[in-house]
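Fold and geometry: a report
Below, each chain spelled out in residue letters.
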Amino acid sequence: MSDITLYFARASRGFIPRWLLEELGIAYRVETLDLKAGEQKRPAFLAVNPMGKVPALTDGAVVVTEAAAICLYLADRYGYGSLAPRVDDPARGPYLRWSLFASAVVEPALWLDEPRDPKAASGRGWGDREAVVGALRGALTPGPWLLGDAFSAADVVLGSTVSFALLNARLPPEPVFAAYRARMDERPAHKRAAAATWGA
Ligand SMILES: N[C@@H](CCC(=O)N[C@@H](CS)C(=O)NCC(=O)O)C(=O)O
């Protein structure tokens, strides 16, 4: 039995764990915060996430924040061996790799408008935009998913970041990215989470 509450907001990264929860098909409650009204900075929520940001998730006494960490937690706990490769599965390595790549590398590389500078890129963890776009291209070739034929929570995490980047023109609309996004959009769980996050 799960006792899960997702702290969520419309038009936010709350979409990411919500999509995963829908893929898992488990029961969960949603607490929707109004970011414009500043509800995320109120003491009751800061006790859950001192960053005052969504998403956050509680599962009984367990508190998890950071979209990627929430997805890795949920997939291990409720989708182990299906949406999360087991620890003795060789796919576990790439699964962790691409899940962490989303927030540690793709987000800063695509959203920070930094000048091209090989020396600076060598010293920062997210390198430079061109290398990141190339790595993403390679990760999605031949596809259809990051782990090949098996859809996993890594697609929820990194795939959401790819979708957000395409929507915000932070990633070139190359066929490999557009086709990946179209495959994600077709999933019923994705449709349900998208409707809850952005409306019809
Ligand atoms: N690194 C965090 C980022 C979370 C984040 O920035 N959430 C935004 C919504 S998409 C937020 O809550 N912003 C409200 C604020 O910072 O006041 C994650 O991946 O979960």
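The structure contained in this document is the topic of the report that follows. (Residues numbered from 1 in each chain as written. Predicted model: local features only at pLDDT ≥ 70, side-chain atom pairs only at ≥ 80, totals over all residues. Heavy atoms only, no water.)

**Regarding the site of the ligand**
- The environment of the ligand is made up of Ser12, Arg13, Gln40, Lys41, Gly52, Lys53, Val54, Pro55, Glu66 and Ala67.
- In the environment of the ligand, an oxygen atom lies 3.1 Å from a nitrogen or oxygen atom belonging to the side chain of Lys41.
- Protein chains shield 77% of the accessible area of the ligand, which is 510 Å² for the free molecule.
- Each residue belonging to the shell around the ligand can be placed in one class, and the counts come to 3 nonpolar, 3 polar and 4 charged. (Near = heavy atom within 4 Å. Polar contact = N/O pair within 3.5 Å; in protein donor to acceptor, adjacent residues only side chain to side chain. Areas by Shrake-Rupley, 256 points an atom, 1.4 Å probe, with all protein chains shown as cover. Nonpolar A, V, L, I, M, F, W, Y, C, P; charged D, E, K, R; others polar.)

**What to know about the pattern of salt bridges**
- The final tally for this structure, using the stated rule, is 15 salt bridges.
- One salt bridge in this structure joins Glu22 and Arg192, with 2.6 Å as the shortest N-O distance. Of this pair, Glu22 sits in helix α1 (residues 15-24) while Arg192 sits in helix α9 (residues 188-198), placing them 170 residues apart in sequence.
- Look at Glu22 and you get buried, because its relative accessible area is 19%.
- The partly exposed category is assigned to Arg192, whose relative accessible area is 44%.
- With a shortest N-O distance of 3.4 Å, Glu114 and Arg124 are connected by a salt bridge. Placement of Glu114 in the loop between α4 (92-111) and α5 (118-123) and of Arg124 in the loop between α5 and α6 (129-139) is noted, with a sequence separation of 10 residues between them. (Salt bridge = Lys/Arg side-chain N within 4 Å of Asp/Glu carboxyl O. Helix = DSSP H or I, 4+ residues; strand = E, 2+ residues; numbered from the N terminus. Buried < 20%, exposed > 50% of the residue type's maximum accessible area, 1.4 Å probe, protein only.)

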